[in-house]
Amino acid sequence: MRRIANGYRGVAGLLTMPESELGQNELFRAQLTDRGEARLAEMGDPYEKYGDPWFDDPYLNAADWGYPPYRPDSADPG
């Protein structure tokens, strides 16, 4: 987690990476366990739940998949 947050071997981490690079960088690959896969399925598709955070970026958006723009109010559990 430290490497993801702070970077490693010259690759910026999430906390220092410019926002313009977040969608273009692969931060890590996970080899999920069966339990992890089940939990991920429980949580649901974030694009379906919250919308596409890159909706207005022609290079990063998920328009081809039909997701709506990001809705910050949908992320508020209150």
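Data block above holds the structure.
These figures come from a predicted structure and were not determined experimentally. Residue indices follow the written sequence of each chain, beginning from 1 at its first position. In keeping with the predicted nature of the model, local features appear solely for residues at pLDDT of at least 70, side-chain atom pairs appear and are counted solely at 80 or more, and the whole-chain, interface and lining totals rest on all residues. In computing side-chain values, all of the structure's heavy atoms are included and hydrogens and water are not.

*Asks:* Explain unusual backbone geometry residue by residue, including any values.
*Replies:* Its identity is not glycine, yet R9 carries a phi of approximately 50°, on the positive side. Accessibility expressed as a relative area gives 72% for R9, which makes it exposed. A simple rule labels every residue: compare its accessible area, found with a 1.4 Å probe on the protein chains alone, to the largest value its type can have, and call it buried under 20%, exposed over 50%, or partly exposed in between.

*Asks:* Could you give an account of the environment of E48, naming the residues involved and the relevant values?
*Replies:* For E48, the location among the structural elements is in helix α4 (residues 46-50). For E48, a relative accessible area of 55% translates into the label exposed. As a C-alpha pair, E48 and G66 span 18 residues in sequence and 9.7 Å in three-dimensional space. Here, two residues are considered to be in contact whenever any of their heavy atoms come within 4.5 Å of each other. In this structure, E48 is in contact with Y67 and R71, ignoring residues within four places of it in sequence. Only runs of H or I of at least four residues qualify as helices and only runs of E of at least two qualify as strands under DSSP, and these elements are numbered from the N terminus.

*Asks:* Before we move on, can you summarise the pattern of salt bridges with the specific residues and values?
*Replies:* It is possible for side chains of opposite charge to pair when their charged atoms get near one another. Salt bridge, as applied in this entry: a Lys or Arg side-chain nitrogen positioned within 4 Å of an Asp or Glu carboxyl oxygen. Per the stated rule, a full pass over the model turns up 1 salt bridge. In this structure, R39 engages E42 in a salt bridge whose closest nitrogen and oxygen atoms are separated by 3.1 Å. Here E42 and R39 lie together in helix α3 (residues 34-43), a separation of 3 residues that amounts to about one turn. Residue classification places R39 among the partly exposed residues on the basis of a relative accessible area of 43%. Classification of E42 as exposed rests on a relative accessible area of 61%.

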